[in-house]
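Listed below are the residues making up each chain.
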Amino acid sequence: MRPPVGIPKLSKRSRILLIIGAVLLAVVVAASRLLGTYVNWLWFGEVGYRSVFNTVLFTQIGLFAAMGLVVAGLLMLNLAIAYRARPVFVPVSGPDDPVSKYRSAIIQRLRLVGFAIPVVAFIAAGVAASADWEIVQKFLNGERFGIADPEFGIDIGFYAFDLPFYTWLISWGFVVIAASFVGALVTHYIFGGIRLAGRGGQLSAPARIQLAVLAGLFVLLYAASYFFDRYELMFSNRNSNFFGATYTDLHAVLPAKLILSIIAIFCAVAFFAAAFLRDLKIPAIATVLLVLSSLLVGAAWPALLEQFSVRPNAIQKETQSIERAIGATRDAYGLTPDKVTFTEYPGRSESTPQEIRSNANNQGTISNVRLLDPNVLARTFTQQQQRKNFYGFGDKLDVDRYKVNGQLRDYIVAVREIDPKNLAENQQNWINRHLVYTHGNGFVAAPANTVNSALQDTSGQGGYPVYTVSDTSGQGDIKVQQPRIYYGELATDYAIVGGQDAGKDREYDTDTAAYRYTGAGGVSLGNLFNRLVFSAAYGERNILFSGSIGAESKILYNRDPKSRVKMTAPWLTLDSDPYPAVIDGKVKWIVDGYTTLENYPYAHRTQLSQATQTSQGVRQPAQMFSYIRNSVKATVDAYDGSVTLYAIDEKDPVLKTWSKVFPGVVKPSADIPMSLREHFRYPEDLFKVQRELLAKYHVNRPDAFYLQNEFWDVPDDPTDEQQPNVQQQPQQQQPGAPTQQTTQGGKLPPYYVIAQAPGQDKPTFQLTSALTGLRREFLSAWVSASSDPADYGKMTVLQLPTTTQTMGPGQMQNQFFSASKVTEARTLFQNPQATAVNGNLLTLPVAGGLLYVEPIYIQRKDNNAFPQLARVLVGFGGKVGFSETLAGALEEVFGRGAGDGTTQPNPGGTPPPGENPGGTPPPGGGGQQITAEQAKAIQDIGAALNRLRAATQTGDFAAIGQAQKDLEEAAKRFNQK
C-alpha cells in the first residue's frame, strides 16, 4: 500500500520569515494598543479621573483573562481528551484518504496545533468578553429600586442589573460548550473515533461518552435559558399598543417556558445516560420530544390562544397588562403625578387689550416673547461677531437666561471659538494650526426679545441682535474673568500651548498681543518620552523635532466638551446640545447626562434617535432604552478643560450603582453652587422623549388606551422649509373623515422661553411644546418643563377641552400665509436677490388661549449673507397680526394698547460697523447707503403693491399680473449694485 501523501512542508527560510512576520504584526498591533492606552492614561491624569480609567481597564483585563481562560481551557481539555481517547489502530480507506493527510500533518505539528487553537480562542473570547465590562460591574454593584414587578414580585433591580448578567453567562456557556463539542467532534473524526464508512458509520465508546456529555450540558443550558426567558416576558412586544407581558404571554407562553425547561432537563439526563448506554435512541427520542414540545407548547398553543381568544376580546383580556404598562412607563420615564401636573385650560379665542395689560400672567409672558431664533441666527452671529477668519460659532446657537440690572432675561448665547477649518490656505501650516491659533476669545450674548431697531419695508434700519460681548476688552454686561476659549465644540484638533519663541509668547490673542497659556489643562511635553509618544500617536514628526516646544509646553487634546464628559463617565448617555454659561466669571460648558436601562418591566421601549428627531435633524444614536433619568449635570471649563460631575437625582438607583463602581466621581447635589443651578436647563432630548410618551400615557383608562381615541401627537414643524405646501389650504375632505396633516417634514422642536404660565407667580425659564390630537391638527395640550431652581423638572400640561377646536401650529401657519398682507410682504422679500426665512413658531399660553408668535427673517442669496429680523407674525383665535414689531402685531390682533409692556426695538440702535443698514443687504456687502436709484425703486415697489391690492379686490387678473411684474422688476432694481 502506498503511504499517504502528506501536506507539503515549508522550507526553513519560509518558516523563519513567517514567524518574523507574525511577531512583527503582533508587536505593531500591541504597540498601537499600548500607545493609545498610555495617551488615554495621561489624559485621565490631566482631568483627575484616573480611577475611572483604572477601573475600566482592570475590569476589562479581568474579563479578558477570565473568559479567555475558561473558553481556551475547556477547549484544550476537550481536545486533549479526544486525542488521548483515539483508537490505537485507524484503518486508511485508500491512498487518497484526505483525513489521513490532515492526521499526518497534525501529528507532525501536534504541540503547535494543540496550543495554537486554544490561544486563538483565548484571544477571541477575551476581546469579546472585555467589551461587556458594564454588565459585570452593574451586577456586582447593583442597587435595589424598592419597586417590585407586578407579575413575579421581584425588585426591578433584578431586571436592571442581575438578569442581564445571567443571560450573559448563559450565552457564554453556549459558546464554550459549542466550541468544545465542535473541537471534540473534529478531533475524534480526524483520529478515527468517528468513521463515516460502513452502514451508519462507527462511533467509538470514548467519542460517544464525551460528545453525549457535552450535548447534555448544552441542553441543560437550554433548560436554564427557558427558565430565565420567563422574566424576559416582562419586556415583550407581542402587542403593538404597549410593551410588557400580554394575556397570551402570561397564560400561554409563561407556563410553556416552565414546561420546556423541565422537558429540557429530562432531555439532558437522556444524553448523560447515553454516555453509558450504547443505545442512542433515548437521547434522540428526548430531542424529538423537546423540539415537538417547543413547537406545540411554545409556539402553536400561544398562537391559537392569541387568535381565537385574545384578539376577539382584546380590550377585556389586555386590561391588566395595559394598566401595568401605563404605570411602569410613567415610573420609568419620570412622568409620575409628583412630577407632572395636568390642568384644564379653556383655550379661549377672544381677549381685550385691557385684559392683556392688566393680567400679570399675560404681561409676564408677552414682555419676554423671544424674537431671535437660535437655529437661524448662527450666520448672523458669525458675520457680525466673528472678527477673524479663524474664529467661528456652532451651527446651532443656544438659549440661556441671565439676570442683568435686576431683570431676568433670556439670551441667545455662544462662544467665539477657534475653528481650524476656517484658516486661509496660507495659514494652513502646522505651526499656525497647532501652536499659534490655539484658542477662541469671547462670550457673545444677545437679548432674545430685542433687536437694534425695527426694519421698515426694505429700506429701514434694524433687525439685528443687540450684542453684549465679554472678551479681553473687558466689556459686556455679562462679566467674564477669563474669556479665552481653549475647549469647545469646534476644537477638534490638538493644540500645543505654554511655550515661547525666543522668550516671547507665541499664541495669537489680538492683533497687538500674543498670549501664553497658564491654565491647568493639558499634558506636559517637557520630556522627550512624551514628545515621542505624541509624535507617534498623531503621526507628526514636528512634535518631536520642533524647537518651539519647550519644557513648559503642554498638549491639549480631546477638547470637545461632550468627548471629555463621555470619557470621564462612559456609563452616561449625553444630551446632544451642550451649552456655554458664565458661572462666577468663568465660561463653562454644561452637559446633561442620562442614566438609562434597556429593560424595565412593562415600560415603553424607546429608540433615542427616533424620539429626538425633529425638523432640526437627528443628533443622537439609535440607542434603545425603557428607563431614563437626567441624573447628572456635568461642567467643562472652557479655559482649563476641568470636568466636574454633579448628581441632581440622588435617588436614582442606576446612579447609585455607578457611584459604587466609580466612588467619588460624581459629586453630591449639595456641592452644586447656586450660581450654577441658576443656569441649569431642563434637557431638550429628555423633554422630546417625555412629550412623545405623554401623548399616549396621559390616558388613564385601559379601554381608551387600547382604542387610542384620546392620544395626542407631536405636530410637524410648519416652518420647516423642506415641508411642501405649507402655504396651501387643506384639501376638502369627506364629512366625518379625520383631518389630515398638511405638512410632512420633521417634528416641531421644543423651545426655551421665559413665560409665566397659569398658576405661576413670576416669569420663569422653561422648555415648551404644543401637542395636537392624534392625526389631527387642532391643539390638544401645551406642555412645559420648568428650569427654575425652585421647581426644576416639574412639568405642567395644559389640557384643552375636546369640545373646542383651537388651531394647532400647522393650521396657524396656513392662516399666516393666507393673509393678504403677509402674502404681499413675502412677495416683496422673496425675490431673485433675497429670500424670506421662517423663524421658530412659539406657542404661549396668554389670556386663557394660545398665542402664536413667529419671527420672519430676510436673507440675501449669497454665500456671505445672513438673516435679519424683518417682521413679526402673531396669531390668536384665528386673528393674524403682522408688523415690524411685536407690539404692532399684538395690537393688530387684540387692539390698541395690547402691545404695551413689550420690549421695543432700541430706537437708537444701529447695525454693527460695516453692515448695510438696509433691510435687504446689497450683493456687494459693506456699509453702503441707499442710492437714488434704490430710493426710486422703493417708491415703485410701494406703487406696485397698491395696484396689486386694488386689482386683487376687483378680481382684475390682467392688472394683478402686471402689478406682480412691476413689483418684481422694482425689487430687482433695488437689489442691483
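Residues numbered from 1 in each chain as written. Predicted model: local features only at pLDDT ≥ 70, side-chain atom pairs only at ≥ 80, totals over all residues. Heavy atoms only, no water.

Novice: Help me understand the overall build of the protein chain in this model?
Specialist: A count of helices and strands for the protein chain gives 28 helices and 36 strands. Taking all 977 residues of the protein chain together, the buried fraction comes to 54%. In the protein chain, of all internal contacts separated by at least 6 residues, the share reaching a separation of at least 24 is 70%. As displayed, the protein chain has an accessible area near 42800 Å², and 56% of this comes from carbon and sulfur atoms. (Helix = DSSP H or I, 4+ residues; strand = E, 2+ residues; numbered from the N terminus. Buried < 20%, exposed > 50% of the residue type's maximum accessible area, 1.4 Å probe, protein only. Contact = heavy atoms within 4.5 Å. Areas by Shrake-Rupley, 256 points an atom, 1.4 Å probe, with all protein chains shown as cover.)

Novice: How should I be thinking about the packing of aromatic side chains in this particular structure?
Specialist: The description of an aromatic ring pair uses the distance of the two centres, along with the angle that the planes make with each other. Scanning all chains against the criterion turns up 54 aromatic pairs. A ring pair is formed by Phe139 and Tyr166, whose centres lie 5.7 Å apart and whose planes are at 70°; its orientation type is edge-to-face. On the criterion of sequence distance, the pair formed by Phe139 in helix H5 (residues 133–141) and Tyr166 in helix H6 (residues 156–190) is long-range, its members being 27 residues apart. We classify Phe139 as partly exposed; its relative accessible area is 25%. Taking the relative accessible area as the measure of exposure, Tyr166 reaches 27% and is therefore partly exposed. Measuring from ring centre to ring centre gives 5.8 Å for Tyr437 and Tyr508, while their planes differ by 55°; the resulting arrangement is tilted. Of the two residues, Tyr437 is situated in the loop between helix H15 (430–436) and strand E8 (440–441) and Tyr508 in strand E15 (residues 507–510); the sequence distance between them amounts to 71 residues. (Phe/Tyr/Trp six-rings, centres within 6.5 Å; stacked < 30°, edge-to-face > 60°.)

Novice: Is there a simple way to think about the packing of helix H2 (residues 50–84) against helix H4 (residues 110–130) in this case?
Specialist: Helix-helix packing is described using two parameters, namely the angle between the two axes and the distance between the axes. Across the interface, H2 lies against H4 with an axial gap of 7 Å and an inter-helix angle of 150°. Note on packing geometry: the crossing formed by H2 with H4 is right-handed. (Axes fitted to C-alpha atoms, helices over the stretch in contact; angles between N-to-C directions. Left-handed = near helix turned anticlockwise from the far one by under 90°.)

Novice: Looking at this structure, I do not really get helix H8 (residues 247–274). What am I missing?
Specialist: Since there are 3.6 residues in each turn of an α-helix, residues three or four apart along the chain are aligned in direction. End to end, H8 covers 40 Å across 28 residues, agreeing with the expected 40 Å (1.5 Å per residue, within 8%). The sharpest bend along H8 measures roughly 35° and falls at Val253, with the proline Pro255 sitting one to four residues further on. (Expected span 1.5 Å × (residues − 1). Bend = angle between axes of the 7 residues up to and from the residue.)

Novice: It is not clear to me how the pattern of salt bridges should be interpreted in this structure. Could you clarify?
Specialist: One side chain can pair with another of opposite charge once the charged atoms of both are near each other. Per the counting criterion, the structure on display carries 28 salt bridges. Of the charged contacts, one joins Arg484 and Asp509 as a salt bridge, the two residues approaching to 2.8 Å between their closest N and O atoms. Separated by 25 residues along the polypeptide, Arg484 in strand E11 (residues 484–485) and Asp509 in strand E15 bring together distant segments of the chain. As a salt-bridge pair, Asp649 and Arg629 come within 3.9 Å of each other at their nearest N and O atoms. In this pair, Asp649 is assigned in the loop between strand E25 (643–647) and helix H20 (653–661) and Arg629 in strand E24 (residues 627–637), connecting sequence segments 20 residues apart. Counted as one network, the salt bridges with shared partners bring together Lys396, Asp577 and Arg681. (Salt bridge = Lys/Arg side-chain N within 4 Å of Asp/Glu carboxyl O.)

Novice: I'm lost on the sheet that holds strand E17 (residues 523–524) in this one. Help?
Specialist: Two pairing modes exist for strands in a sheet, parallel and antiparallel, and in both the strands are linked by backbone hydrogen bonds. Ordered in space as E12-E18-E17, the 3 strands form an open sheet in which the pairing is antiparallel. The two strands at the open ends of the sheet, each matched to only one other strand, are strand E12 (495–497) and E17. As paired elements, E12 and strand E18 (residues 554–556) share 3 bridges and run antiparallel to each other. Looking across to E18, one finds that Ala495 is bridged to Leu556. (Pairing = 2+ DSSP bridges.)

Novice: Sorry if this is basic, but what is going on with the sheet that holds strand E9 (residues 443–447) here?
Specialist: An order of E5-E6-E9-E10 is seen for the 4 strands of this open sheet, with the pairing classed as antiparallel. The sheet is open, and its two borders are formed by strand E5 (398–404) and strand E10 (468–470), each paired with just one other strand. Strand after strand, the sheet turns through a mean of 35° between neighbouring axes, direction not considered. Its contacts with the sheet put helix H14 (residues 378–385) on strand E6 (407–415), E9 and E10, and the angle it makes with E9 is roughly 120°.

Novice: When you look at H20 in this model, what are you seeing that I'm missing?
Specialist: Those residues of H20 that fall on the buried side of the exposure criterion are Pro653, Val654, Leu655, Thr657, Trp658 and Val661. For H20, the N-terminal cap is Asp652; the gap from its side-chain oxygen to the backbone nitrogen of Val654 is 3.2 Å. (Polar contact = N/O pair within 3.5 Å; in protein donor to acceptor, adjacent residues only side chain to side chain.)

Novice: I keep staring at a nonpolar patch on the surface and nothing clicks. Help me out?
Specialist: A cluster of nonpolar side chains, contributed by Ile209, Val213, Leu217, Leu220, Ile265 and Val269, occupies part of the molecular surface with about 420 Å² of accessible area. Among the elements that make up the nonpolar patch, the one with the highest residue count is helix H7 (residues 205–232) (4 residues). Structurally, Val269 is set in helix H8. (Patch = residues over 30% accessible without salt bridge, like charges linked within 9 Å, V, L, I, M, F, W, Y side chains within 5 Å.)

Novice: So what exactly am I meant to see when it comes to the side chain of Thr248 here?
Specialist: In this structure, Thr248 sits in helix H8. What makes Thr248 buried here is its relative accessible area of 0%. A polar contact is formed between the side chain of Thr248 and the side chain of Glu306, at a distance of 2.4 Å. Apart from residues no more than four positions distant in its own chain, Thr248 is found in contact with Arg238, Val253, Pro302, Leu305, Glu306 and Val310.

Novice: I would appreciate a short explanation of the nonpolar core in the present structure.
Specialist: Most often, soluble globular proteins keep nonpolar side chains buried together rather than apart. Membership of the largest hydrophobic core comes to 181 residues, with the highest contact counts inside it found for Phe381 and Phe443. Examining the composition of this core, we find that 13 residues originate from one element, H6, more than from any other. Membership of the second largest hydrophobic core comes to 30 residues, among which are Ala819, Ile856, Val880 and Phe882. (Core = buried A, V, L, I, M, F, W, Y, C linked by side-chain atoms within 4.5 Å.)

Novice: I would appreciate a short explanation of the pairing of strand E20 (residues 579–583) in the present structure.
Specialist: Where a strand is regular, its side chains alternate between the two sheet faces. Most of E20 is tucked away: 5 of the 5 residues are buried. Of the two faces of E20, the one carrying Tyr579, Ala581 and Ile583 and the one carrying Pro580 and Val582 are both buried. As paired strands, E20 and strand E21 (residues 586–597) are joined by 5 bridges and run antiparallel to one another. For Pro580, the partnering residue across the bridge sits in E21 and is Trp589. Between E20 and E21, which pair antiparallel and follow one another directly, the connecting turn spans 2 residues, one of which, Asp584, has a positive phi of 50°.

Novice: Hey, could you run me through the side chain of Asn239 in this one?
Specialist: Among the structural elements, Asn239 can be located in the loop between H7 and H8. Here Asn239 falls in the buried class, since its relative accessible area comes to 12%. Within the structure, the side chain of Asn239 is placed 2.8 Å from the backbone nitrogen of Asn241, a separation counted as a polar contact. Contacts of Asn239, omitting those with residues within four sequence positions, involve Thr246, Glu318 and Tyr706.

Novice: I would appreciate a short explanation of the environment of Gly499 in the present structure.
Specialist: By the secondary structure assignment, Gly499 is in the loop between E12 and strand E13 (500–501). A relative accessible area of 5% places Gly499 in the buried class. Residues Gly499 and Leu435, 64 residues apart in the sequence, show an inter-C-alpha distance of 8.6 Å. In contact with Gly499, not counting residues within four places along its chain, are Arg506, Arg516, Ser548 and Ser553.

Novice: I tried to follow the packing of H7 against H8 on my own but got confused; where do I start?
Specialist: The geometry of H7 relative to H8 is characterised by a closest axis approach of 8 Å and an angle of 170° between their N-to-C directions. By the criterion of interaxial angle, the relationship of H7 to H8 is roughly antiparallel. A breakdown of the residues in the contact of H7 with H8 according to their chemical character gives 20 nonpolar, 2 polar and 4 charged. (Parallel < 35°, antiparallel > 145°, perpendicular 65-115°, else oblique. Nonpolar A, V, L, I, M, F, W, Y, C, P; charged D, E, K, R; others polar.)

Novice: Mind showing me how you'd approach unusual backbone geometry here?
Specialist: Outside of glycine, negative phi angles account for most residues, and trans bonds account for most peptide bonds. Positive phi values are uncommon outside glycine, yet Asn558 reaches one of about 50°. Accessibility expressed as a relative area gives 27% for Asn558, which makes it partly exposed. Its identity as a non-glycine residue notwithstanding, Gln708 has a phi of 65°, on the positive side. Looking at the element boundaries, Gln708 is found in the loop between helix H23 (702–707) and strand E27 (712–713).

Novice: I'm lost on the environment of Tyr517 in this one. Help?
Specialist: Secondary-structure assignment places Tyr517 in the loop between strand E16 (513–515) and E17. In sequence terms Tyr517 and Glu552 are 35 residues apart; their C-alpha atoms lie 9.9 Å from each other. If sequence neighbours within four positions are ignored, Tyr517 has contacts with Tyr486, Tyr487, Val497, Gly498, Glu507, Lys554, Leu556, Tyr639 and Asp640. Among the polar contacts made by the side chain of Tyr517, one reaches the main-chain amide nitrogen of Gly521 at a distance of 3.2 Å.

Novice: Where do I start with the environment of Ala328 in this structure?
Specialist: Note on placement: Ala328 falls in helix H11 (residues 319–332). Classification of Ala328 as buried rests on a relative accessible area of 10%. Separated by 274 residues in the primary sequence, Ala328 and Tyr602 place their C-alpha atoms 5.7 Å from one another.

Novice: Can you help me understand the pairing of E5 in this one?
Specialist: Within E5, 6 of the 7 residues are buried, which leaves it mostly tucked inside the rest of the structure. Pairing between E5 and E6: 7 bridges, direction antiparallel. Of the residues in E6, the one forming a bridge with Lys403 is Leu408.

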